[in-house]
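Analysis of the macromolecular model
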Amino acid sequence: MSDAKLILVSHHLCPYVQRAVITLTEKAVPFELRYVDLSAKPDWFLAISPLGKVPLLIVRQGDGAETVLFESAVICEYLEETQSGAPLHPADPLARARHRGWIEFGSSILSDLWGLETAKDEGIYETKRKALIDKFGRVEAELKDGPFFAGRAFSLVDAVFAPIFRYFDVFDTITPTGIFDALPRLVAWRAELASRQSVREAVMQDYPDRLKVFLRDHEAWLLKRAA
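Predicted model only: the values in this text are computed from it and were never measured. (Residues numbered from 1 in each chain as written. Predicted model: local features only at pLDDT ≥ 70, side-chain atom pairs only at ≥ 80, totals over all residues. Heavy atoms only, no water.)

A short note on the environment of Glu 142
Put simply, the test is: Helix and strand labels come from DSSP, where a helix needs a run of H or I of at least four residues and a strand needs a run of E of at least two; each type is numbered from the N terminus. Per-residue accessibility, obtained with a 1.4 Å probe over protein chains only, is compared with the maximum for each type, and a residue is labelled buried under 20%, exposed over 50%, and partly exposed between these values. Two N or O atoms form a polar contact when they lie within 3.5 Å of each other; inside protein one atom must be a possible hydrogen donor and the other a possible acceptor, and for residues adjacent in sequence the pair counts only when both atoms belong to side chains.
Its place among the elements puts Glu 142 in helix H5 (residues 122-142). Residue Glu 142 is classed as partly exposed on the basis of its relative accessible area of 25%. In this structure, the C-alpha to C-alpha distance between Glu 142 and Ala 194, residues 52 residues apart in sequence, is 20 Å. Polar contacts involving the side chain of Glu 142 include one to the side chain of Arg 98, which spans 2.8 Å.

Written out as structure tokens, the structure is:
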């Protein structure tokens, strides 16, 4: 187990940051959160972020040396390998590889979600909505008895999908999307994740308000549809 001090560089709405926060919380690892404004990125952030994105994990060793990790999948894998607590990856290599594949699939869902929430007209909105229905349908086919992706054990796949579902907790207060209407296993999984402490505490209490401001700033069709 590493005894380094961990500093997670964050943005209030980033779902990739939430993956890392959930992982840290599940493993009961102390860490510091440092927020940045991605619309006005500070020089110190640009100096250490090769892609200009969050999350970053600053690993500060006892001698003061610092290493910066970027990309959420890399950060979560590092935490899995170096921190104690419940394992969040299967022990079996084949099962672990399968989980990594579904983590990547979750990232592809986030790309379509971005298109849905920033769509300014009905055509783009519907295209993204149908793409999400198709992708979530593929996930539905993978789910078994639950309550989590792999059954009884919470995993990194759950940490990836919990922030995805959180978007819809806000969208549902604005207008129905109908995306989960024919996906009962996924609906049950979503509810289970929403009730988990690590998931609830992965964002600030004002997350819904911040997301609604984001939608207004992007003139989202989602809001026009509800009007």
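So, the sheet that holds strand S4 (residues 66-70)
Stated precisely, the cut-off is as follows: By definition, two strands form a pair when at least two bridges between them are found by DSSP. Whenever a helix is involved, its axis is fitted only over the stretch in contact; in every case the axis is a line through C-alpha atoms, and angles between N-to-C directions fall within 0 to 180 degrees. Here, residues are in contact when the closest pair of their heavy atoms is within 4.5 Å.
The sheet built from 4 strands is open, its strands ordered S2-S1-S3-S4 with mixed pairing. Each having just a single partner strand, strand S2 (32-35) and S4 make up the two edges of the open sheet. Going from strand to strand, the sheet's axes swing by 25° on average, the running direction of each strand aside. Pairing of strand S1 (residues 5-10) with strand S3 (residues 56-60), which is carried by 5 bridges, proceeds in the antiparallel orientation. Bridge pairing in S3 links Leu 6 to Val 59. Across the sheet, helix H1 (residues 15-26) touches S1 and S2, and the angle it forms with S1 is around 150°.

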